[in-house]
Structures are given as structure tokens and as C-alpha cells.
Amino acid sequence: MGFLEDAVGKTKEVFDIACKKTDEILTLEKQKFTLASLKSKREKDFAALGRIYFELVKDDEDADEDVLNLVDEICDKSQEIELLEAEIRYAKYQRACHECGSSVDANSAFCNKCGAKLD
Ligand SMILES: [Zn+2]
């Protein structure tokens with residue numbers, strides 16, 4: 001085999017190895033992506049199952065104590081969420097008085113606290 005053929009052969013060999021490595025890396029990355037995607041979908045399924053179970057046991061006083069504790073936790077958080085949502089909704093219709101800084105209705109003509117005329 002001549003020098004040129006030899007060099008071409010070696011180059012092709014190196015190229016093939018590099019391609020194989022690239023394919024392996026791509027396959028691994030695809031597997032990692034599929035794994036993360038499956039885990040995320042499984043978490044959503046667990047959450048969906050949890051919601052169904054929550055509705056089934058929330059009024060069942062004979063349910064397992066750990067389950068009832070979780071039901072209480074969920075109910076407490078739901079109340080907090082409702083309160084915060086209401087506060088945020090309310091805050092959208094409030095503004096600060098330019099004189100005293102207190103919170104006033106967005107459509108009030110005067111400040112409730114200091115009486116300043118609002119524009
Ligand atoms: Zn004021």
C-alpha cells in the first residue's frame with residue numbers, strides 16, 4: 001500500500017471513530033432527554049392521581065392519619081392561595097395617595113386618610 005492510500009485509510013478510520021463517538025453522544029443525549037421527559041410526565045400523573053384521591057378521602061374521617069394530615073395541609077394552602085389571590089386582585093384596584101402614601105381606591109376623588117384631592 002502506498003503512502004497516500006495509507007494516509008487516506010488512516011484518516012477514514014479516525015473519521016469513522018469520530019462519527020461513532022458523535023452518534024453515541026447523540027444517542028445518550030436523546031436518552032437523557034427522554035428520561036427527563038418521562039419523569040416529568042410521571043410527576044404530572046402522580047399529581048393527577050393525588051387530586052383524584054384527595055377528592056375521594058377529603059371528607060373521610062376514617063382515612064389514614066398521614067393522608068388526613070396531607071389533606072389538612074392542602075386545605076390550609078388552598079385557603080392561603082385564595083386569600084393571596086383576593087389581595088392581589090384587590091391591590092390592582094388600589095393606588096397610593098400622593099400626599100400621605102396610604103392606599104386608596106383607584107377611582108376615589110379624595111384620600112380617606114388625609115383628605116387630599118386625588119387626580
Ligand atoms: Zn392621603
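Residues numbered from 1 in each chain as written. Predicted model: local features only at pLDDT ≥ 70, side-chain atom pairs only at ≥ 80, totals over all residues.

## Notes on the overall build of the protein
1) Next: What the protein contains, in helices and strands, is two helices and two strands.
2) Next: Along the protein, from the amino end to the carboxyl end, the secondary structure elements read α-α-β-β.
3) Next: The C-alpha atoms of the protein give 33 Å as radius of gyration, which overshoots the globular expectation for 119 residues (14 Å, by more than 25%).
4) Next: Expressed along its principal axes, the backbone C-alpha trace of the protein runs to roughly 100 × 55 × 15 Å.
5) Next: Out of the 119 residues in the protein, the part that is buried amounts to 1%.
6) Next: Sequence-distant contacts, at least 24 apart, represent 0% of the contacts inside the protein between residues at least 6 apart. (Helix = DSSP H or I, 4+ residues; strand = E, 2+ residues; numbered from the N terminus. Rg over C-alpha atoms; globule rule 2.2 N^0.38 Å. Buried ≥ 20, exposed ≤ 12 C-beta atoms within 10 Å, placed from the backbone. Contact = placed C-beta atoms within 7 Å.)

## Focus on helix α2 (residues 65-91)
1) Next: Here α2 spans 39 Å end to end across 27 residues, near enough to the 39 Å set by a 1.5 Å rise per residue.
2) Next: Among the 27 residues that make up α2, zero are buried, leaving the element largely open to the surroundings. (Expected span 1.5 Å × (residues − 1).)

## Some details on the domain arrangement of the protein
1) Next: Taken domain by domain, the protein comprises domain 1 (1-57) and domain 2 (63-119).
2) Next: Distance between the C-alpha centres of domain 1 and domain 2: 48 Å. (Domains from an automatic or database assignment.)

## Regarding the environment of Phe 33
1) Next: Mapping Phe 33 onto the fold places it in helix α1 (residues 3-57).
2) Next: The class of Phe 33 is exposed, set by 10 C-beta atoms lying within 10 Å.
3) Next: When the C-alpha atoms of Phe 33 and Arg 89 are compared, they prove to be 39 Å apart, with 56 residues separating the residues in sequence.

## Some points on the environment of Val 71
1) Next: By secondary structure assignment, the location of Val 71 is in helix α2.
2) Next: Residues Val 71 and Lys 58, spaced 13 residues apart in sequence, show a C-alpha to C-alpha distance of 6.1 Å.
3) Next: The residues contacting Val 71, other than those within four sequence positions of it, are Phe 54, Val 57 and Lys 58.

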